[in-house]
Amino acid sequence: MNVKQGFYWRCVFFITGIIILSLGLALTIKGKLLGVGSWDVLHLGLQMNFGLTVGTWSIMLGLLILAIDGVFSKRLPKIGTYLDMFLTGIFVDIFLYVLPDLHHTAEQMLAFVVGIILLGFGCGMYMVANLGVGPRDTLMLLLVHRLGWSVNRARTTMEVSVAVIGFVLGGPVGLGTVFMAFGLGPVVQWALKLNEKLFFRASGTESAVL
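Conventions we followed
- Residues numbered from 1 in each chain as written.
- Predicted model: local features only at pLDDT ≥ 70, side-chain atom pairs only at ≥ 80, totals over all residues.
- Heavy atoms only, no water.
- Helix = DSSP H or I, 4+ residues; strand = E, 2+ residues; numbered from the N terminus.
- Buried < 20%, exposed > 50% of the residue type's maximum accessible area, 1.4 Å probe, protein only.
- Contact = heavy atoms within 4.5 Å.
- 1 Å grid on protein atoms, 1.4 Å probe; cavity = no way out; pocket = protein on both sides within 12 Å on 5 of 7 lines; lining within 4 Å.
- Points joined across faces, edges and corners; volume = space filled by probe spheres on them.
- Nonpolar A, V, L, I, M, F, W, Y, C, P; charged D, E, K, R; others polar.
- Lys, Arg positive; Asp, Glu negative; His and termini not counted.
- Salt bridge = Lys/Arg side-chain N within 4 Å of Asp/Glu carboxyl O.
- Phe/Tyr/Trp six-rings, centres within 6.5 Å; stacked < 30°, edge-to-face > 60°.

All right, on to the overall build of the chain then. Tallying secondary structure elements over the chain gives eight helices and zero strands in all. Listed N to C, the secondary structure of the chain is α-α-α-α-α-α-α-α in terms of helices and strands. Across its three principal axes, the chain shows a C-alpha extent of roughly 50 × 40 × 30 Å. Counting across all 210 residues of the chain, residues that qualify as buried make up 46%. For the chain, long-range pairs separated by at least 24 residues make up 77% of all intrachain contacts whose partners lie at least 6 apart in sequence.

Laid out in structure tokens, this is it:
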């Protein structure tokens, strides 16, 4: 398979993965009775206080993170990082608009669980494309490189900090927030391995992620 075809499949996995993870994020937000992920606690808190949509806040914070990273690293992120940021924000807003509001506890719990699975699978799928990571992972890597922190310490500090700020702003924090902080990783790891196999079958080439 030639390079052009390989790049085509990377784009397919990248865009499809972002759509799937955006649907997963929207479902976890619809099931916010259990709490939402740390960054969405912040996004929802900002929405409650200042208006705008969840996706818009996601994009705006992403741009701020990339600006900070650019100052310290003196380099521009991959084009995939910008695409990830804008497409995720756009698709999350689309899905939040299309999906109905859920009023029963059982419905919200189901939406949250399905959302976690889709979010993890989508993350694994877009990461296999290896076209660039999102702004949040860029911030994590900045903390690792500039402060000498471990990945675990950087991610935990980042997740807790944004959750606390979002909670102060009125964002929903609950058991689901804790579960996403510690339970999403294994789902993403499983999805990476599965999508690595799918990518190899489709493109005939190896991904550089694993």
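Here we come to the layout of surface pockets. Put simply, the largest pocket is a space of about 1300 Å³. Lining the largest pocket we find 49 residues, and of these Trp 39, Asp 137, Arg 155, Glu 159 and Leu 184 sit closest to its centre. Elements with a contribution of two residues or more to the lining of the largest pocket: α1 (3–30), α2 (38–50), α3 (54–73), α4 (79–98), α5 (105–128), α6 (135–147), α7 (151–168) and α8 (175–203). Take the lining of the largest pocket: its biggest share by element is eleven residues, from α8. For the lining of the largest pocket, the class distribution of residues is 29 nonpolar, 14 polar and six charged. Taken as a whole, the second largest pocket holds about 430 Å³ of empty space. Considering the residues around the second largest pocket, the lining is formed by 20 residues, among which Lys 78, Gly 132, Val 133, Thr 138 and Leu 141 are closest to the centre. For the lining of the second largest pocket, the leading source of residues is α6, giving five residues. Here the lining of the second largest pocket is built from residues that sort into ten nonpolar, six polar and four charged.

Moving on to the side chain of Asp 40. Within the secondary structure layout, Asp 40 lies in helix α2. No salt bridge is formed by the buried Asp 40. Its closest oppositely charged neighbour is Arg 136, at 7.2 Å. Sequence-distant contacts of Asp 40, that is, excluding residues within four places in its chain, are made with Leu 25, Ile 29 and Val 54.

Evaluation of the coordinates by the stated rule reveals six aromatic pairs. Consider the rings of Phe 121 and Trp 190, whose centres lie 6.2 Å apart with planes at 50°: the pair is tilted. Pair noted here: Phe 121 is in helix α5 and Trp 190 is in helix α8, with a separation of 69 residues, a long-range link. With a relative accessible area of 18%, Phe 121 lands in the buried category.

Nothing here speaks to function; it is geometry throughout.
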